[in-house]
Amino acid sequence: VAPDRVRNFSIIAHIDHGKSTLADQLLIKTDTVENRDMQACLLACPSCALPWMTTQSHALQLPAVSRSLAACEGCLLVVDASQGVEAQTLANVYLALENDLEIIPVLNKIDLPGADPERVKREIEEVIGLDCSHAIMASAKQGLGIEEILEEVVRRVPPPADNRGKPLRALIFDSYYDSYKGVVVQFRVMDGELRRGDLVKFMNTGCEYDITELGVLSPKAVEVDSLYAGEVGYLAASIKQVADARVGDTVTLKKQPAAEALGGYTEAQPMVFCGLFPTDADQYPELREALLKLQLNDAALKFEPEVSSAMGFGFRCGFLGLLHMEIVQERLEREYDLDLITTAPTVVFKAVTTDGTEHIVDCPSKLPPGNRLDSISEPYVRLEVITPKEYVGSIMELAQQRRGEYVDMQYLTETRTTLVYNLPLAEVVTDFFDALKSRSRGYASMEYALTGYRENDLVLLDIKINGEMVEPLAAIVHRDNAYYVGKALVKRLKELIPRQQFKVPIQAAIGARVVASEAIPALRKDVLAKCYGGDISRKKKLLKKQAAGKKRMKSLGKVDVPQEAFMAVLQIN
Ligand code: GDP
Ligand code: MG
């Protein structure tokens, strides 16, 4: 295809504003356009392709989105006309501006009775500073405005520059694992040309491959012999796992390599860690197999064996965020039929010991002992919240409770406000998103990005059950909150751990100092005692219930601790 007939654009929007629905409509429409003057390449934003990259894992979604945007000359900014500009709308617009894209505003869902496109247009103009006089009114659901969008794309989005004569450089913006072809890599050719059979090199990983299949997704895979600068396509080359074909890497030819890779390559860094232990020790090899399989298609999933005196053999796993963690756990349990005990998620702390060495601490119990510690730092994020103004007070209170540092507040419009805070990532990855939603009746939206590490007065809170230290229950907390968290945690553990045949003391301690203690009284009677003489089916039911309850228990010494106890620290605020 002649370069002047190509248009590469992506769709950006806040979650649920209609990206996927609109993408489907555009594909249907371009497919039925008889006069094929134009080949529109639609790069759907990764946040519609990968469900786990939405809502909570915002910060992590951005590198991938930015690669998609770097592969385009323009984008559609889709805003729900019944809602308005939200936190992710803004974050995505900044990325589009950084990439010098032509931005076409689209007001979607105009069919809704609550739609107020004029108000939302004003909002986009005021907040983003984008001219909305040519904004398109659309209903992706009813197929309204679709042709106008395509016409506007052809008119306003520039065709790709003609860089065919240069050495090959293709930008990877997505990849997924296929059990027949190996990893399927999606890319945009920025310079030069690529042919089936070419021997290629991935510039950042240094890996070399023979291309076995080359094609375009429109949206079904159609094989082609070659792709030129400006075109978007896919390749397969018997690549074993997606970690070998990372988003942001540059593909070049082994024979005539480009001098420099395209910018923007970053390795996915896990930000949240937790321990995964099989309830039944026999399932350890199966858990390992399952994690290896998931990793084929998930470059961000990290894991290494972990042995704990309390928990036995398991894995320390790293995730992009909480949602990523939950999805992996869910798949391990549902698709691989594993019963797991998950320990509370923690961020990665950095500790400096008195000899000047820096230690990466992805598990609280790995913190060097207090007498050797010089300082502890924790990751911070810049959090941006957009909310109707009536919830501002309550949200500020929440941010302060979570050790937030106020940065800025601005009225976006008469009724909506944006709030900016710096706060520790550890406070965001607990239940911040849920708390925000409940305080704003679901109307506030948020977005955050990692800004760096900051030293804080942090301490290790140890938990002892029946006199024994339970490493997986330890937490790193701010000294000011340690007493309160300790008290609340032992109280919660007392409620969660079932009574045993003997009295079980529970203590929270900082170093040798006990800051809180409780005790679970001994079981008075056999639970089954009250069934004696009763009918047998009731007794069976009770036994069954106990067995089901047991499934998610871990025996720590002589005490059975249920799964919920390992998460108790998250519910304290
Ligand atoms: P995404 O998260 O941005 O990909 O949004 P989706 O395309 O998944 O749409 C979110 C929800 O909004 C779905 O229930 C859609 O059916 C609905 N939706 C999308 N476009 C429209 C529209 O134009 N009108 C109405 N009424 N609903 C829409
Ligand atoms: Mg979607």
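Rules used in this analysis
Within every chain, residues take consecutive numbers counted from 1 along the sequence as written. Chains and ligands are labelled sequentially in the order written, the chains with letters from A and the ligands with numbers from 1. Totals for whole chains, interfaces and linings use every residue, but because this is a predicted model, local features are given only for residues with pLDDT of at least 70 and side-chain atom pairs only at 80 or more, for both listing and counting. Where side-chain values are given, they derive from all heavy atoms of the structure, hydrogens and water being excluded. Only DSSP runs of H or I with at least four residues qualify as helices, and only runs of E with at least two residues qualify as strands; both kinds are numbered from the N terminus onward. Relative accessibility under 20% of the residue-type maximum defines a buried residue, over 50% an exposed one, and the middle range a partly exposed one, all with a 1.4 Å probe and only protein chains included. Contact between two residues is taken to exist if any of their heavy atoms lie within 4.5 Å; hydrogens are not considered. Consider each residue's heavy atoms; a residue with any of them within 4 Å of a molecule or strand counts as near. Throughout this description, a polar contact denotes any pair of N or O atoms lying within 3.5 Å of each other; where both atoms belong to protein, one of them has to be capable of donating a hydrogen while the other can accept it, and for residues adjacent in sequence the pair is counted only when both atoms sit in side chains. Every accessible area reported is derived by Shrake-Rupley at a probe size of 1.4 Å, with residue values counting cover from the shown protein chains alone. In this count, Pro and Cys sit with the nonpolar residues alongside Ala, Val, Leu, Ile, Met, Phe, Trp and Tyr, while Asp, Glu, Lys and Arg are called charged and the others, Gly among them, polar. Pairing between strands is defined by DSSP: at least two bridges between the two strands are required. Angles shown run from 0 to 180 degrees and are taken between the N-to-C directions of axes, each axis being a line fitted to C-alpha atoms and, for helices, limited to the stretch in contact. Salt bridges are defined as contacts in which a side-chain nitrogen from Lys or Arg sits within 4 Å of a carboxyl oxygen from Asp or Glu. UniProt positions are given in the numbering used here, feature names are shortened, and annotations may be inferred rather than shown by experiment. By nonpolar core we mean a set of buried residues, namely Ala, Val, Leu, Ile, Met, Phe, Trp, Tyr and Cys, connected to one another through side-chain atoms within 4.5 Å. The span one expects for a helix is its residue count, reduced by one, times 1.5 Å. By definition, disulfides here are pairs of cysteine sulfur atoms that lie within 2.5 Å. Two aromatic rings, drawn from Phe, Tyr or Trp (for Trp, its six-membered ring), form a pair once their centres lie within 6.5 Å of each other, and the interplanar angle then sorts them: stacked below 30 degrees, edge-to-face above 60, tilted otherwise.

## Description of the overall build of the protein chain
Then, number 1: Each helix and strand in the protein chain was counted, giving 14 helices and 33 strands.
Then, number 2: Split into buried and exposed, the 573 residues of the protein chain put 52% on the buried side.
Then, number 3: For the protein chain, restricting intrachain contacts to residue pairs at least 6 apart in sequence, the fraction spanning at least 24 positions comes to 70%.

## A look at the site of ligand 1
Then, number 1: What surrounds ligand 1 is a group of 15 residues, the closest being Asp16, Lys19, Ser20, Thr21 and Asp111.
Then, number 2: Asp16 places a main-chain nitrogen or oxygen 2.7 Å from an oxygen atom of ligand 1.
Then, number 3: A distance of 3.1 Å separates an oxygen atom of ligand 1 from a polar side-chain atom of Asn108.
Then, number 4: Coverage of ligand 1 by the protein chains reaches 76% of its 580 Å² of free accessible surface.
Then, number 5: Top contributing element to the shell around ligand 1 by residue count: helix H1 (residues 19-32), with 3 residues.
Then, number 6: Across the shell around ligand 1, the residue classes tally to 3 nonpolar, 7 polar and 5 charged.

## A word on the sheet that holds strand S14 (residues 232-236)
Then, number 1: Overall, antiparallel pairing links the 8 strands, which are arranged S10-S9-S15-S6-S7-S14-S11-S12 in an open sheet. Both edges of this open sheet fall to strand S10 (208-210) and strand S12 (221-223), since each of them pairs with a single strand only. Strand after strand, the sheet turns through a mean of 40° between neighbouring axes, direction not considered.
Then, number 2: Two elements, strand S9 (residues 199-202) and strand S15 (residues 250-253), share 3 bridges in a ladder whose sense is antiparallel. Bridging from a neighbouring strand, Val200 pairs with Leu253 of S15.

## Focus on the pattern of salt bridges
Then, number 1: Throughout the structure, instances matching the rule amount to 29 salt bridges.
Then, number 2: Notably, a salt bridge pairs Arg169 with Asp191, separated by 3.0 Å at the nearest N-O pair. Within this pair, whereas Arg169 is found in strand S6 (residues 169-178), its partner Asp191 is found in strand S7 (residues 182-191), the two being separated by 22 residues in sequence.
Then, number 3: Of the residues examined, Asp191 reaches a relative accessible area of 6% and is grouped as buried.

## As for the UniProt feature "binding site: GTP" (unreviewed entry) in the protein chain
Then, number 1: UniProt's feature table lists "binding site: GTP" (unreviewed entry) at Ala13, His14, Ile15, Asp16, His17, Gly18, Lys19, Ser20, Asn108, Lys109, Ile110 and Asp111, given in the numbering used throughout.
Then, number 2: Structurally, the position occupied by His17 is in the loop between strand S1 (6-13) and H1.
Then, number 3: If we skip the residues at most four places from it in the chain, His17 touches Val78, Val79, Asp80, Gln83, Gly84, Glu86, Asn108 and Lys109.
Then, number 4: The residue Lys19 is located in helix H1 in this model.
Then, number 5: The exposure class assigned to Lys19 is buried, which follows from its relative accessible area of 7%.

## Here's the deal with the nonpolar core
Then, number 1: Counting residues in hydrophobic clusters, the biggest one holds 52 residues, and the most contacted among them are Leu291, Leu332, Val385, Phe432, Leu436 and Met446.
Then, number 2: No other element matches helix H7 (residues 284-296), which puts 5 residues into this core.
Then, number 3: Beyond its immediate stretch of four places on either side in the chain, Val385 contacts Ile395, Thr417, Thr418, Leu419, Leu436, Ala444, Ser445 and Met446.
Then, number 4: Listed in part, the 33 residues of the second largest apolar core include Ile465, Leu473, Val504 and Phe566.

## Considerations on helix H4 (residues 87-98)
Then, number 1: In this model H4 runs 17 Å from its N-terminal to its C-terminal C-alpha over 12 residues, within 8% of the 16 Å that 1.5 Å per residue would give.
Then, number 2: With 9 of its 12 residues buried, H4 lies for the most part within the structure.
Then, number 3: Within H4 the residues assigned to the buried category are Ala87, Gln88, Thr89, Leu90, Ala91, Asn92, Val93, Leu95 and Ala96.
Then, number 4: Positive phi appears at Asp100, one or two residues downstream of H4, with a value of about 60°.

## Quick notes on the state of the cysteines
Then, number 1: All told, the structure shown has 0 disulfides when counted by the stated rule.
Then, number 2: Cys72 takes part in no disulfide bond, and the closest cysteine sulfur, belonging to Cys75, lies 7.8 Å away.
Then, number 3: Residue classification places Cys72 among the buried positions, given a relative accessible area of 6%.
Then, number 4: Cysteine Cys274 is unpaired, with the sulfur of Cys317 as its nearest cysteine sulfur at 5.8 Å.

## Observations concerning the pairing of S7
Then, number 1: Counted residue by residue, S7 has 10 buried out of 10 residues, so it is predominantly covered.
Then, number 2: Pairing of S6 with S7 involves 9 bridges; the strand directions are antiparallel. The residue of S7 that forms the bridge with Tyr177 is Val183.
Then, number 3: Following S6, the chain reverses through 3 residues before pairing antiparallel with S7.
Then, number 4: Bridge count for S7 against S14 is 5 bridges, and the pairing is antiparallel. By the bridge assignment, Val184 is partnered in S14 with Ala236.

## Thoughts on the packing of aromatic side chains
Then, number 1: Across all of its chains, the model carries 5 aromatic pairs by this definition.
Then, number 2: Taking the centre distance of 4.9 Å and the plane angle of 5° together, the rings of Tyr284 and Phe315 count as stacked. Of this pair, Tyr284 sits in helix H7 while Phe315 sits in strand S18 (residues 312-319), placing them 31 residues apart in sequence. Summarising the burial analysis for this pair, Tyr284 and Phe315 share the class buried.

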